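Here's the letter readout for the chains.
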Amino acid sequence: MKLDNHRNARIAGIAGTAAVLGLVVTLGMAGCRVHVDKDADGKEKNVQVDTPFGGVHVNTNQTTASDLGLPVYPGADLVADDDKHKSADVRLGFGDWQLRVKAVSYGTPDSREKVTAFYKKALERYGDVITCAGNSPVGTPVVTHEGLSCEDNGKNGKVKLDNSDFNQDFQLKAGSKRHQHIVGFEDPKNGKTRFALVALDLPAAVADDDNGKQ
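Residues numbered from 1 in each chain as written. Predicted model: local features only at pLDDT ≥ 70, side-chain atom pairs only at ≥ 80, totals over all residues. Heavy atoms only, no water.

Chemist: Let's hear about the pairing of strand β10 (residues 179–189): which residues, and what values?
Modeler: Looking along a regular strand, one sees the side chains alternate between the two faces of the sheet. Direction of pairing for strand β9 (residues 170–175) relative to β10: antiparallel, over a ladder of 6 bridges. The partner of Gly-175 across the bridge, within β10, is Gln-180. Between β9 and β10, which pair antiparallel and follow one another directly, the connecting turn spans 3 residues. In this structure, β10 lies alongside strand β11 (residues 192–201), joined through 9 bridges in antiparallel fashion. Bridge assignment links His-179 to a residue of β11, and that residue is Asp-201. Between β10 and the antiparallel strand that follows it, β11, lie 2 residues; Asn-190 among them carries a positive phi value of about 55°. (Pairing = 2+ DSSP bridges. Helix = DSSP H or I, 4+ residues; strand = E, 2+ residues; numbered from the N terminus.)

Right under this line is the structure:
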């Protein structure tokens with residue numbers, strides 16, 4: 001992700017655990033508390049960093065579709081990204097500035113069209129559903145009732161989803177600019193349609209900036 005104030009937090013793969021930890025390194029200061037839990041392979045599973053100004057919490061491989069308020073596509077299996085993570089829950093909090101990303105990745109032998117139809121229906125609980133090819137809308141509506149569009153993760157947005165490691169050129173989106181639910185599709189692999197479910201909660205300042213309040 002790219003944020004204003006020259007503060008870049010990149011969430012790559014399905015949630016970019018490693019990149020978020022890169023941000024943690026820049027927070028070294030007196031009073032900083034770091035707690036790390038490792039899995040059976042010795043890899044970081046949970047990382048918690050608390051400072052007098054806020055903290056960063058990263059949990060991997062514990063998030064499910066239900067934690068995002070979405071159903072699992074029938075018969076879909078959890079799949080790992082390039083960092084061997086199947087899901088992630090990332091929270092960054094610094095005073096009133098709060099950001100959270102929950103993501104989980106699945107694969108199914110069914111076609112993308114079938115998965116798309118399933119999640120278009122499932123996302124309706126969050127209002128209008130838009131379909132995006134890159135930053136361009138496909139069909140209608142082109143913007144949700146709450147003002148979310150395909151361009152909100154584009155180069156002119158306050159926050160940019162960086163899909164260089166998890167290629168999500170085709171997405172379904174619902175919600176508002178601040179609270180988004182996204183279903184993003186990766187290129188097929190091993191004969192399976194691969195997709196990620198993402199719940200994105202952005203700082204209040206993002207919406208305020210778009211409205212010219214700050």
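There's plenty left to go through after this.
Chemist: Describe the state of the cysteines, and please don't skip the residues or the numbers.
Modeler: Simply put, the disulfide is a covalent bond whose two ends are the sulfur atoms of two cysteines. Applying the stated criterion to the full structure yields 1 disulfide. The disulfide partner of Cys-132 is Cys-150, and the S-S distance across this bridge is 2.1 Å. In this structure, the disulfide formed by Cys-132 and Cys-150 twists by about -85° around the S-S bond and is classed as left-handed. One end of the pair, Cys-132, is in strand β7 (residues 129–133); the other, Cys-150, is in the loop between β8 (136–137) and β9, and 18 residues separate them in sequence. The same class applies to Cys-132 and to Cys-150, which are both buried. (Disulfide = S-S within 2.5 Å. Buried < 20%, exposed > 50% of the residue type's maximum accessible area, 1.4 Å probe, protein only.)

Chemist: Could you give an account of the nonpolar core, naming the residues involved and the relevant values?
Modeler: By size, the foremost hydrophobic cluster in this structure holds 20 residues, and its most contacted members are Tyr-106, Tyr-119, Leu-123, Val-183, Phe-195 and Leu-197. Within the residue set of this core, elements represented by two or more residues are β6 (97–108), α2 (112–123), β9, β10 and β11. Looking at this core element by element, the count peaks at 4 residues for α2. Discounting residues that sit within four places of it in the chain, Leu-123 has contacts with Leu-70, Val-129, Leu-172, Lys-173, Ala-174, His-181 and Val-183. Core analysis: the next-biggest nonpolar cluster, separate from the first, contains 13 residues, Val-56, Leu-92, Ala-103 and Ala-196 among them. (Core = buried A, V, L, I, M, F, W, Y, C linked by side-chain atoms within 4.5 Å. Contact = heavy atoms within 4.5 Å.)

Chemist: Just give me the short version of the environment of Arg-178, but keep the residues and values in it.
Modeler: Tracing the sequence through the fold places Arg-178 in the loop between β9 and β10. The class of Arg-178 is partly exposed, set by a relative accessible area of 32%. Along the primary structure Arg-178 and Asp-201 are separated by 23 residues, whereas in three dimensions their C-alpha atoms are 5.7 Å apart. Ignoring sequence-local partners within four residues, the contact set of Arg-178 consists of Leu-200, Asp-201, Leu-202, Pro-203 and Ala-204.

Chemist: Account for unusual backbone geometry, with residues named and values stated.
Modeler: A cis geometry characterises the amide bond from Thr-140 onward to Pro-141, with omega recorded as -5°. Relative to the elements of secondary structure, Pro-141 occurs in the loop between β8 and β9. Not every positive phi belongs to a glycine, and Asn-190 is a case in point at roughly 55°. Relative to the assigned elements, Asn-190 resides in the loop between β10 and β11.

Chemist: Run through the packing of aromatic side chains, naming residues and quoting values.
Modeler: Any pair of aromatic rings gets described here by the distance separating the centres and the angle formed by the planes. Within this structure, the stated rule accounts for 6 aromatic pairs. Seen in terms of ring centroids, Tyr-73 and Phe-118 are 5.2 Å apart; in terms of plane orientation they differ by 85°. Their pairing is edge-to-face. Remark: Phe-118 occurs in helix α2 and Tyr-73 occurs in the loop between β3 (54–60) and β4 (77–78); sequence separation between them is 45 residues. Judged by centre distance (6.1 Å) and plane angle (45°), the rings of Phe-185 and Phe-195 are tilted. (Phe/Tyr/Trp six-rings, centres within 6.5 Å; stacked < 30°, edge-to-face > 60°.)

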